[in-house]
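# Fold and contact review
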Amino acid sequence: MSQDLAEQRMNIKTNRFVHSCPKAALSSKMQSSSSIAQARQMVQQMRIEASIERIKVSKALSDLMCYCGEHAKNDPLLMGIPASENPFKDKKPCTFL
Amino acid sequence: MAMRQTPLTCSGHTRPVVDLAFSGITPYGYFLISACKDGKPMLRQGDTGDWIGTFLGHKGAVWGATLNTDATKAATAAADFTAKVWDAVSGDEVLTLAHKHIVKTVTFTQDSNCLLTAGNDKLLRIYDLSNPEAAPLEIAGHTSAIKKALWCNNDKQILSAADDKTIRLWDRSSMEEVKTLTFDTSVSSMEYVADGEILVITYGKTIAFYNALSLDLIKTVEAPAPINSASLHPEKDFFVAGGEDFKLYKFDYSTKEELESYKGHFGPVHCVRFSPDGELYASGSEDGTLRLWQTAVGKTYGLWKCVLPEDLGAENSEQMYTSAPEIKA
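Rules used in this analysis
Residues numbered from 1 in each chain as written. Chains lettered and ligands numbered in written order. Predicted model: local features only at pLDDT ≥ 70, side-chain atom pairs only at ≥ 80, totals over all residues. Heavy atoms only, no water. Helix = DSSP H or I, 4+ residues; strand = E, 2+ residues; numbered from the N terminus. Rg over C-alpha atoms; globule rule 2.2 N^0.38 Å. Buried < 20%, exposed > 50% of the residue type's maximum accessible area, 1.4 Å probe, protein only. Areas by Shrake-Rupley, 256 points an atom, 1.4 Å probe, with all protein chains shown as cover. Core = buried A, V, L, I, M, F, W, Y, C linked by side-chain atoms within 4.5 Å. Contact = heavy atoms within 4.5 Å. Salt bridge = Lys/Arg side-chain N within 4 Å of Asp/Glu carboxyl O. Phe/Tyr/Trp six-rings, centres within 6.5 Å; stacked < 30°, edge-to-face > 60°. Lys, Arg positive; Asp, Glu negative; His and termini not counted. Polar contact = N/O pair within 3.5 Å; in protein donor to acceptor, adjacent residues only side chain to side chain. Pairing = 2+ DSSP bridges. Axes fitted to C-alpha atoms, helices over the stretch in contact; angles between N-to-C directions. pLDDT = per-residue confidence, 0-100.

Right, let's get into the overall build of chain B. Looking only at helices and strands, chain B has 0 helices and 30 strands in total. For chain B, the C-alpha radius of gyration of 19 Å lies close to 20 Å, the compact-globule estimate for 329 residues. Oriented by its inertia axes, the alpha-carbon framework of chain B measures out at about 65 × 45 × 30 Å. For chain B, the proportion of its 329 residues judged to be buried stands at 58%.

Attention now moves to the overall build of chain A. When helices and strands are counted, chain A shows 4 helices and 0 strands. Sequence-ordered secondary structure for chain A, helices as α and strands as β, is α-α-α-α. Expressed as a percentage of its 97 residues, the buried residues of chain A come to 9%. Surface summary for chain A: the accessible area is close to 8,500 Å², and the carbon and sulfur share equals 62%.

With that settled, the discussion passes to the nonpolar core. Residue and element names in this part refer to chain B. Grouped together as the largest cluster of nonpolar side chains are 18 residues, with contacts concentrated most on Leu159, Ile167, Phe183, Met190, Leu199 and Ile201. Of all the secondary structure elements, the ones that give two or more residues to this core are strand 14 (146–152), strand 15 (157–162), strand 16 (166–171), strand 18 (189–193), strand 19 (198–203) and strand 20 (206–211). If you tally residues by element for this core, the top one is strand 19, at 3 residues. Ignoring any residue separated from it by four or fewer positions in sequence, one finds Met190 in contact with Lys148, Leu150, Leu159, Ser160, Ala161, Ile167, Leu199, Val200, Ile201 and Arg273.

Considering the arrangement of structural elements, one finds Ile36 of chain A in helix 2 (residues 32–50). The spacing of Ile36 of chain A and Pro76 of chain A is 40 residues in sequence and 52 Å in space, taken between C-alpha atoms.

All names here are of chain B. With the rule as written, the count across this model stands at 12 salt bridges over all chains. A salt bridge links Glu260 to Lys250, with the nearest nitrogen and oxygen atoms 4.0 Å apart. Pair noted here: Glu260 is in strand 25 (residues 258–262) and Lys250 is in strand 24 (residues 248–252), with a separation of 10 residues, a long-range link. Residue class for Lys250 comes out buried when judged on its relative accessible area of 5%. Residues Asp287 and Arg291 are paired through a salt bridge, measuring 3.8 Å at the closest nitrogen-oxygen approach. According to the relative accessible area criterion, Asp287 is partly exposed, its value standing at 23%.

All names here are of chain B. Mapped onto the fold, Asp121 is located in the loop between strand 11 (114–119) and strand 12 (124–128). Sequence-wise, Asp121 and Pro226 are 105 residues apart; in three dimensions their C-alpha atoms are separated by 27 Å. The residues touching Asp121, leaving out its near neighbours within four places in the chain, are His99, Lys100, His101 and Ile102.

Each aromatic ring pair is summarised here by two numbers: the centre-to-centre distance and the angle between the ring planes. Residue and element names in this part refer to chain B. Scanning the entire structure with this criterion turns up 11 aromatic pairs over all chains. Aromatic pair Tyr249 and Phe251: ring centres 6.4 Å apart, planes at 45 degrees, arrangement tilted. Per residue, the accessibility class of Tyr249 equals that of Phe251, and both read buried. With centroids separated by 5.6 Å and ring planes inclined at 25 degrees, the aromatic side chains of Tyr262 and Trp293 adopt a geometry described as stacked. With Tyr262 in strand 25 and Trp293 in strand 28 (residues 290–294), this pair connects stretches of sequence that are 31 residues apart. Judged by relative accessible area, Tyr262 falls into the buried class, the value being 6%. Given the relative accessible area of 0%, Trp293 is considered buried.

Turning our eyes to something else, we now look at the side chain of Glu49 of chain A. All names here are of chain A. Among the secondary structure elements, Glu49 is positioned in helix 2. The side chain of Glu49 is buried and forms no salt bridge, while Arg54, the nearest opposite charge, is found at 6.2 Å. Here the side chain of Glu49 touches Gln45 through a polar contact of 2.8 Å, side chain to side chain.

We now examine unusual backbone geometry. Residues and elements named next belong to chain B. Phi angles above zero are rare outside glycine, and Met175 is one such case at about 60 degrees. Examined against the element boundaries, Met175 turns out to sit in the loop between strand 16 and strand 17 (177–182). On the basis of relative accessible area, Met175 is assigned to the partly exposed category, the value being 26%. A positive phi angle, close to 60 degrees, is found at Lys236, a residue other than glycine. Along the chain, Lys236 falls in the loop between strand 22 (227–232) and strand 23 (238–243).

Let us now look at the sheet that holds strand 25 of chain B. Residue and element names in this part refer to chain B. With antiparallel pairing, the 4 strands of this open sheet are ordered in space as 22-23-24-25. The two strands at the open ends of the sheet, each matched to only one other strand, are strand 22 and strand 25. On average, adjacent strands in this sheet sit at an angle of 20 degrees to one another, irrespective of strand direction. Judged from the 5 bridges that link them, strand 22 and strand 23 form a sheet pairing that is antiparallel. Residue pairing for strand 23: Ile227 is matched across the bridge by Gly243.

The subject of this paragraph is the confidence of the model for chain A. Residues and elements named next belong to chain A. Across chain A, the average pLDDT comes to 75, with 68% of residues at or above 70. The least confident element of chain A, judged by mean pLDDT, is helix 1 (residues 2–16) at 47; the most confident is helix 3 (residues 57–70) at 94. Confidence over residues 1–6 falls short of pLDDT 50; this stretch has 4 contacts with residues more than four positions distant or in other chains. Note that pLDDT drops below 50 for residues 11–27; the model gives that stretch 33 contacts with residues more than four away or on any other chain.

Let us look at the side chain of His265 of chain B. All names here are of chain B. Positionally, His265 belongs in the loop between strand 25 and strand 26 (269–274). For His265, a relative accessible area of 4% translates into the label buried. Looking at His265, its side chain comes within polar contact range of the side chain of Asp287, at 3.2 Å. For His265, the residues in contact, after removing those within four places along its chain, are Phe246, Leu248, Ser283, Ser285, Asp287, Thr289, Leu290, Arg291 and Trp293.

Here's what the structure looks like:
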């Protein structure tokens, strides 16, 4: 129960905090149609941002570390590439024809 | 004896972090708020450092930030001449209190009903949060900018430290000055420990402990470098201090002996605070990061898990996540 509330608290915060943009000023009726379009776009953007799934940094980092650990054997930077497959290996010196 | 420690580094701020405050222990754990010159104070989970949210609204550097005991409200003091009160659960700005100059410090009373603010206008102001439209009570007396103001003695008295090199104790009901401490140099920080009525003051390379009611000196300790902030452990066995040499120092409170020092920050340390349970302390620095340090290095707590050399093959995590930083024991 307390875990749910804590998550809810985190979700409310992340939704309301960072993505509150300044509101567009609707100045005159002449510009009202483009302002409405602008406002619609802004609302649409805010909806997209609010629906992004968020997790805590500590959880994301531990997932990243797990992933790197599990896939370390597939990482050519860690394990090296057999010389036969390396397109950039040093070749024999060139000679002039 | 000294074990190497991996602090949890919390990034996110883009300018120096100048103030930190922990909440009390709530059913959801405890929280930390950081004040930064980038104008965007951040709320974090206290034991893991996870970012929860950023309070948007200030138009200038935020010099002071605080949470109330149950972390439902936050207050911030900024260079835009306002202090703001926020709902710490939703992130909404609840109140903006206009001042005549830069506001440096804010603090709630224990019942969160009143807010004490002070800053470069040299006045202490007490706002009644249930009646925010009313003019605040003002206490004058300091002859230069006030750096820090705190409630003490069960919110019956106020302590304030200013650039006029004095610390003054005021009585709230009479609004009169009760006592003054004068120093040769300006005080860099002040912390009040309610349990035991101890006041922790830093100036130059000295960390001084005073009785908060009588302002009698208890003891002083000299550090190897100029100190900007110090904090006493809730159980009063240790205190930590940080300053201009970028290091964090840990001292034994009774013997005054320097126990350990930790490098980590890339700039002067501006603020250090112990968590309410004393298991970790947070430091804010000129480098824009906050670092969380363990009090008992090697203990399994929060994101720290002790990994002994023999156990490196075993998977025995009881925590929700596997360890982030490892302690080499």
